[in-house]
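Structural features, examined
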Amino acid sequence: MDKLLVKGGRTLNGTVTISGAKNAALPELCAALLTADTVTLENVPGLQDVSTMLKLIRNMGVVADRNKDVPSTITIDAGALTSPEAPYELVKTMRASVLALGPLLARFGEATVSLPGGCAIGSRPVDQHIKGLQAMGAEIVVEHGYMIAKLPKGTTRLKGCSITTDMVTVTGTENFLMAATLAEGETILENAAQEPEIGDLAELLIKMGAKIEGQGTRRIRIQGVERLHGCTHQVVADRIETGTFLCAVAATGGDVTLLHARADHQDALVDKLREAGATVTAIEGGMRIQSHGRLKAQSFRTTEYPGFATDMQAQFMALNAVSHGAASVTETIFENRFMHVNEMVRLGAKIQIEGKVAIMEGVEKLSGASVMATDLRASASLVIAGLVADGETLIERIYHLDRGYDQMEAKLRGLGADIERIKT
């Protein structure tokens, strides 16, 4: 497994280009299954999860090709899809595989999808997906680790209905949104997730001919159509990659421009960074952050968008670790999302866990050591910690990082960081 060697103590300066959003690209690759026409996605990030999703849909008989001259452009042709199945061996590392369920069921009337894997950060049940699709008329059973779904005998389309989930679920909202585009009649999604990636998925579906209103709010209305067609769509910039670089610069100090970054997707994070003492501004075509000296530790509580993202909790904790003062961090989304804390403590951070709350006291310096990434966002937090630590930090198991960050070490080197990948 590859490792990252980080030598801390350098400020970050210059310009970095933010890649397309992982959490938009994955459902949008699945959305291409809804039509027999060609769908072209631009600004697709070069991530392990994207490669896994491409393997998954190719295994179904889909033709999916990267542009040789522009690798971030992918053309998908699901016209010859022969096997509406997502097997365990292809999806065991990626929870987003569940997003194939709705599109396959809506277009082909059947789907067999393995129960998904992914980061070990806590329970992320698929029961909401099953209940919602059952409300639309699907017959679904779970057997031998697979969700086996089909339309009742004598029916050819899902039926529009009102779906209210027990909790806010991003992938659930996306699955229902995609399935409803080809359902008969109107579907109303109550308690829908509001993440920008859902709005971006809705934009793609509308370009494909879907009738959708209310995306970005708690109530989405979809009027089903008989068929969708192909289109070209550019994936929205990754707000979590944006936030990760904002926290990195805030921690190390420096002056960085983030091209393609969307300031309107970062309100909760930017508010905390400004309260900490960083200067963050929206500029034409991106964002700019300036940070000088130690900042002030900030308390925060994770919650659904537009609140503070759970996917940014670990990275901001790395900033808090070297900031002035004490702060508390409350995690409300996933029960196991403090697994990075023990690794940060190895680097000299002062953190105590009390249930869902981490109590932090900032230190002037961290000290380099060998640490191990436990999940995707934890790996990013350890990179930030390594950037501000004295000496060398060796980060193991960075395959987690490769699942969600496109050439992170190369982008950081371009800003002046001393970081290299060690191939093993």
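Residues numbered from 1 in each chain as written. Predicted model: local features only at pLDDT ≥ 70, side-chain atom pairs only at ≥ 80, totals over all residues. Heavy atoms only, no water.

With that settled, consider the environment of Met53. Looking at the secondary structure, you find Met53 in helix 2 (residues 48–59). When near neighbours in sequence (up to four residues on either side) are disregarded, Met53 contacts Leu26, Leu29, Cys30, Met94, Ala96 and Ser97. (Helix = DSSP H or I, 4+ residues; strand = E, 2+ residues; numbered from the N terminus. Contact = heavy atoms within 4.5 Å.)

Turning next to the pairing of strand 11 (residues 186–190). Judged from the three bridges that link them, strand 10 (residues 162–164) and strand 11 form a sheet pairing that is parallel. Looking across to strand 11, one finds that Thr164 is bridged to Glu190. Following the chain from strand 10 across helix 6 (residues 170–180) to the adjacent parallel strand 11, one finds a crossover that is right-handed. Examined bridge by bridge, strand 11 and strand 13 (residues 219–223) share five bridges and lie antiparallel to one another. Considered in strand 13, the bridge of Leu189 is made with Ile220. (Pairing = 2+ DSSP bridges. Right-handed = clockwise from strand over helix to strand, strands pointing away.)

Turning our eyes to something else, we now look at the sheet that holds strand 23 (residues 370–372). An order of 23-25-1-26 is seen for the four strands of this open sheet, with the pairing classed as mixed. This sheet does not close on itself; its edge strands, each paired only once, are strand 23 and strand 26 (418–422). Each strand of the sheet is rotated relative to its neighbour by a mean of 20 degrees, with strand direction disregarded. Summarising the sheet, strand 23 and strand 25 (residues 392–396) pair through three bridges and their orientation is parallel. Looking across to strand 25, one finds that Met372 is bridged to Glu396. Against the sheet, helix 12 (residues 376–388) contacts strand 1 (3–7), strand 23, strand 25 and strand 26, and its axis sits at roughly 30 degrees relative to strand 1. (Axes fitted to C-alpha atoms, helices over the stretch in contact; angles between N-to-C directions.)

To continue, consider the pattern of salt bridges. Close approach of charged atoms allows side chains with opposite charge to pair. Tallying each qualifying case throughout the model produces 21 salt bridges. Here Asp49 makes a salt bridge to Lys22, at a shortest N to O gap of 3.4 Å. Of the two residues, Asp49 sits in helix 2 while Lys22 sits in helix 1 (residues 22–31), which places them 27 residues apart along the sequence. Taking the shortest distance from any N to any O, the salt bridge between Glu184 and Lys159 comes out at 2.9 Å. Here the residue Glu184 occupies a position in the loop between helix 6 and strand 11, and Lys159 occupies one in the loop between strand 9 (146–150) and strand 10, the gap between them amounting to 25 residues. Assessed through its relative accessible area of 41%, Glu184 is described here as partly exposed. The exposure class assigned to Lys159 is partly exposed, which follows from its relative accessible area of 37%. (Salt bridge = Lys/Arg side-chain N within 4 Å of Asp/Glu carboxyl O. Buried < 20%, exposed > 50% of the residue type's maximum accessible area, 1.4 Å probe, protein only.)

Let us look at the layout of surface pockets. Which parts of space are left empty comes out when a probe the size of a water molecule is rolled across the atoms. Taken as a whole, the second largest pocket holds about 240 Å³ of empty space. Ala251, Thr252, Val322, Lys365 and Val388 are the residues nearest the centre of the second largest pocket, which is lined by 18 residues in total. Counting residues per element, the ones that place at least two in the lining of the second largest pocket are helix 8 (239–252) and helix 12. Examining the composition of the lining of the second largest pocket, we find that three residues originate from one element, helix 8, more than from any other. Tallied by class, residues from the lining of the second largest pocket come to seven nonpolar, seven polar and four charged. (1 Å grid on protein atoms, 1.4 Å probe; cavity = no way out; pocket = protein on both sides within 12 Å on 5 of 7 lines; lining within 4 Å. Points joined across faces, edges and corners; volume = space filled by probe spheres on them. Nonpolar A, V, L, I, M, F, W, Y, C, P; charged D, E, K, R; others polar.)

In this section: the packing of aromatic side chains. Within this structure, the stated rule accounts for three aromatic pairs. Between Phe300 and Phe308, the ring centres sit 4.1 Å apart and the planes meet at 25 degrees, which makes this aromatic pair stacked. Like Phe300, the residue Phe308 is buried in the burial classification. With a centroid separation of 5.8 Å and an interplanar angle of 85 degrees, the aromatic rings of Phe308 and Phe316 are classed as edge-to-face. The pair formed by Phe308 and Phe316 is uniform in burial state, with each residue classed as buried. Members of the aromatic cluster, connected to one another through ring pairs, are Phe300, Phe308 and Phe316. (Phe/Tyr/Trp six-rings, centres within 6.5 Å; stacked < 30°, edge-to-face > 60°.)

The geometry of helix 8 relative to helix 12 is characterised by a closest axis approach of 9 Å and an angle of 20 degrees between their N-to-C directions. Judged on the interaxial angle alone, helix 12 and helix 8 are roughly parallel. You can see that helix 8 and helix 12 cross each other, and the crossing is right-handed. On helix 12, the residues that touch Ile240, Thr244, Cys247, Ala248, Ala251 and Thr252 of helix 8 are Arg377, Ala380, Ile384, Leu387 and Val388. Here the residues of the contact of helix 8 with helix 12 sort into eight nonpolar, two polar and one charged. (Parallel < 35°, antiparallel > 145°, perpendicular 65-115°, else oblique. Left-handed = near helix turned anticlockwise from the far one by under 90°.)

Next up on the list: the confidence of the model for the chain. Interpreting fine coordinate detail is not advised for predicted regions of low pLDDT. Of all residues in the chain, 98% attain a pLDDT of 70 or more, and the chain-wide mean is 95. pLDDT under 50 marks residues 118–123. Its contacts with residues more than four places away, or in other chains, come to 20 contacts. (pLDDT = per-residue confidence, 0-100.)

What follows covers the environment of Val235. In this structure, Val235 sits in the loop between strand 14 (231–234) and helix 8. For the pair Val235 and Phe308, spaced 73 residues apart in the sequence, the C-alpha separation amounts to 22 Å. Contacts of Val235, omitting those with residues within four sequence positions, involve Gly20, Ala21, Ala24, Ala25, Glu28, Glu42, Asn43, Val44 and Asp200.

Another point: the nonpolar core. Membership of the largest hydrophobic core comes to 76 residues, with the highest contact counts inside it found for Leu177 and Leu205. The element that contributes the greatest number of residues to this core is helix 1, accounting for six residues. Residues within four places of Leu205 in sequence aside, it is in contact with Ala31, Leu34, Leu177, Met178, Thr181, Ala210 and Ile212. Counting residues in each nonpolar core, the second largest holds 68 residues, with Leu12, Leu269, Ala389 and Ala417 among its members. (Core = buried A, V, L, I, M, F, W, Y, C linked by side-chain atoms within 4.5 Å.)

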